[in-house]
Amino acid sequence: MTNFNFPRIILKSGKDRSVKRLHPWIFSGAIKKIIGGAVDGENVAVFDNNENFLGLGHYQKNGSISVRVFTFKELTPDKNFWKEKIVSAIKTRECLGLISSTQTNVFRVIHGEGDGFPGFICDYYNGILVFQAHSLGMYNLEEVFKEIFLEVFPKEILSIYDKSEKTLSKSGGTTVQNKFLYGDKFQTEVNEYGMKFMVNVVDGQKTGYFIDQRENRNLLRQYSLGKTVLNMFCYTGGFSIAALKGGAKHVTSVDASQTATDLASENAKINSLEKNHEPVTADGFEFLDNMEKGKYDLIILDPPAFAKHVSAVNQALKGYQRINCAAMEKIAPGSILFTFSCSQAVDKLSFRMAVMEASIKAGRKIKILHQLSQPSDHPISMYHPEGEYLKGLVLYVE
C-alpha cells in the first residue's frame, strides 16, 4: 500500500481497464468515491476497486475528464521527477534532429499526453518558449517548469510566455491571465525549411503559429511548380508561402480575418514573394461557392476545428463534406487537393468517408496520393490514440 499523502480516487469495479492499459484519462463516471476531498488541480492517487495502486494524476472538478494521470509508477512528483520528464522530451527532439537543426528553429518541445504531460504543451519559437496549460494541475507547475527549462534546455531562451487564458479560463475559482514567466520578447522571425515567418506569441492563434503543419507545408512545395493555388482558411499564409517557394505561378490566400490576410501578406513580403500573392478577406464557404470553375489546379483546405466536442461530430462531418464538395466541383481536371481536419473528435475513417461522399456528390473521381498526420514533434502515445488529432489527405482529382 502506497504512503502518498494525497486524496485517493477509488474506481468502480471494471472501470480500471483503460488505466491498467496506461490510458491517462479517467472520466467522472468511472469514479466510485473520493477519499480526502480533492480540490481542482490537486495531485491525487488512483486505485482500483480493490485499492491496488494505479497511478498519480491531477484532479479536475469540472468537465468529463476528472483525472489526468501523469505517472503509473509510485514516484514522488517533485522537481526532480518533472525534470526527468522534461529532459526525456528534449532528448526525443534531439533524436529527431530538431534541437540542432539548421533547417528550422520552430518546433514543439512537449506535446501533452504524447510526452507524458497530460494537459500541457510547450512550443519553441527561435528563442521564445510558450507554455499552454489545459488543466489547472499543470498550470500550477509552470513556475517549476520555467526553472527546469532555464537549467536544462540546450537552446537559447530569451523569454517564456504562459498562454493558458483561453485554454483554462476559470478553473476552481482561479482567474488565469496570459503572462511572461521570463523575459519579455513576444515576436520573432522563425525559419522553416528556408521560409521566413513572423510569429507573435501574444496575439497569434494557438501558441503563436501552426507548427503541426510544418512537414505538410514542405510536402506541398513538391506539388506547386507552375500551379495556380488557392489556400483556404489561410491564417498567416503558411501553405501560401510554401506554394510560392515551390514555384507556384499564383497563390490566392483566403481567410475571414483581415488580421490573418494582412499577416499572410507580410509573410509573403519578407520572403520576397509578394508579386505572385493575392490576399482575399472573405467567408470561406461563400468564396468556394462563388469562385470561378477551373481557375485553380491546386487547392488547400485547412479549416479550423469544426468539432471541439463529440456532440458536434455529425455537424462537423457535414461541414467537411460541404467544403470538399465545393472545392472538387470547381477545381480544374487533373489537379491536386490537400484537405485536412484538426478536430480531435473526428477520427481518420470518418473524415475519409466525408471526403469520399464529397467526391461522389461532386461527380469527381479521386485518388489518395498521401495520408497525412501531425509531425514527429507532436508524438502520439500508443496508449492514448486520441492524441492523433490532425488528419490529412493529398488527392489527385481527375
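Parameters and conventions
- Residues numbered from 1 in each chain as written.
- Predicted model: local features only at pLDDT ≥ 70, side-chain atom pairs only at ≥ 80, totals over all residues.
- Heavy atoms only, no water.
- Phe/Tyr/Trp six-rings, centres within 6.5 Å; stacked < 30°, edge-to-face > 60°.
- Helix = DSSP H or I, 4+ residues; strand = E, 2+ residues; numbered from the N terminus.
- Buried < 20%, exposed > 50% of the residue type's maximum accessible area, 1.4 Å probe, protein only.
- Salt bridge = Lys/Arg side-chain N within 4 Å of Asp/Glu carboxyl O.
- Patch = residues over 30% accessible without salt bridge, like charges linked within 9 Å, V, L, I, M, F, W, Y side chains within 5 Å.
- Areas by Shrake-Rupley, 256 points an atom, 1.4 Å probe, with all protein chains shown as cover.
- Pairing = 2+ DSSP bridges.
- Axes fitted to C-alpha atoms, helices over the stretch in contact; angles between N-to-C directions.
- Expected span 1.5 Å × (residues − 1).
- Arc of directions from axis to C-beta.
- Contact = heavy atoms within 4.5 Å.

Break down the packing of aromatic side chains for me, with residues and values.
What characterises a pair of aromatic rings is the spacing of the ring centres plus the angle enclosed by the ring planes. The full count for this structure, using the stated rule, is 21 aromatic pairs. Summarising the aromatic geometry, the rings of Phe70 and Trp82 are spaced 5.1 Å apart at their centres and angled 50° between planes, so their arrangement reads as tilted. One end of the pair, Phe70, is in strand S6 (residues 65-71); the other, Trp82, is in helix H2 (residues 79-95), and twelve residues separate them in sequence. Judged on exposure class, the residue Phe70 and its partner Trp82 are both buried.

Tell me about the pattern of salt bridges, and please be specific about residues and values.
Counted under the stated rule, the structure contains 17 salt bridges. For Glu51, the salt bridge goes to Arg8, with nearest N and O atoms at 2.9 Å. Taken together, the residues Glu51 in the loop between strand S4 (43-47) and strand S5 (53-59) and Arg8 in strand S1 (residues 8-11) connect sequence positions 43 residues apart. A relative accessible area of 18% places Arg8 in the buried class. Of the charged contacts, one joins Arg108 and Asp123 as a salt bridge, the two residues approaching to 2.6 Å between their closest N and O atoms.

Describe a nonpolar patch on the surface, naming the residues involved and giving the relevant values.
Side chains of Leu349, Met353, Met356 and Ile360 sit close together on the surface and give an oily, nonpolar patch of about 390 Å² of accessible area. Mapped onto the secondary structure, Met356 falls in helix H11 (residues 348-362).

Which residues make up the sheet that holds strand S20 (residues 335-341), and what values do they have?
Judged by pairing direction, the sheet is mixed, and its seven strands sit side by side in the order S18-S17-S16-S19-S20-S22-S21 without closing on themselves. Two strands in the sheet have a free side with no partner beyond their single neighbour: strand S18 (277-281) and strand S21 (366-372). Recorded for the sheet is a direction-independent mean angle of 15° between the axes of neighbouring strands. The sheet contact formed by strand S19 (residues 298-301) and S20 spans four bridges and is parallel. Bridge pairing in S20 links Leu298 to Ile336.

Provide a residue-level description of helix H8 (residues 258-270), including the pertinent values.
Taking 1.5 Å per residue as the helical rise, H8 with its 13 residues ought to reach 18 Å, and the 18 Å between its terminal C-alpha atoms agrees with that figure. Restricting attention to buried positions, one finds in H8 the residues Ala260, Thr261, Ala264, Asn267 and Ala268. Viewed along the axis of H8, the buried residues span an arc of 115°, placing them on a single side of the element. Away from the buried face of H8 by more than 90 degrees, exposed residues Thr259 and Lys269 are located. Those residues of H8 hidden inside the fold are in contact with strand S15 (195-200), helix H7 (238-245), strand S17 (250-255) and S18. Following H8 by one or two positions, Ser272 adopts a phi angle in the positive range, close to 55°.

Function cannot be read off these values alone, since they describe shape.
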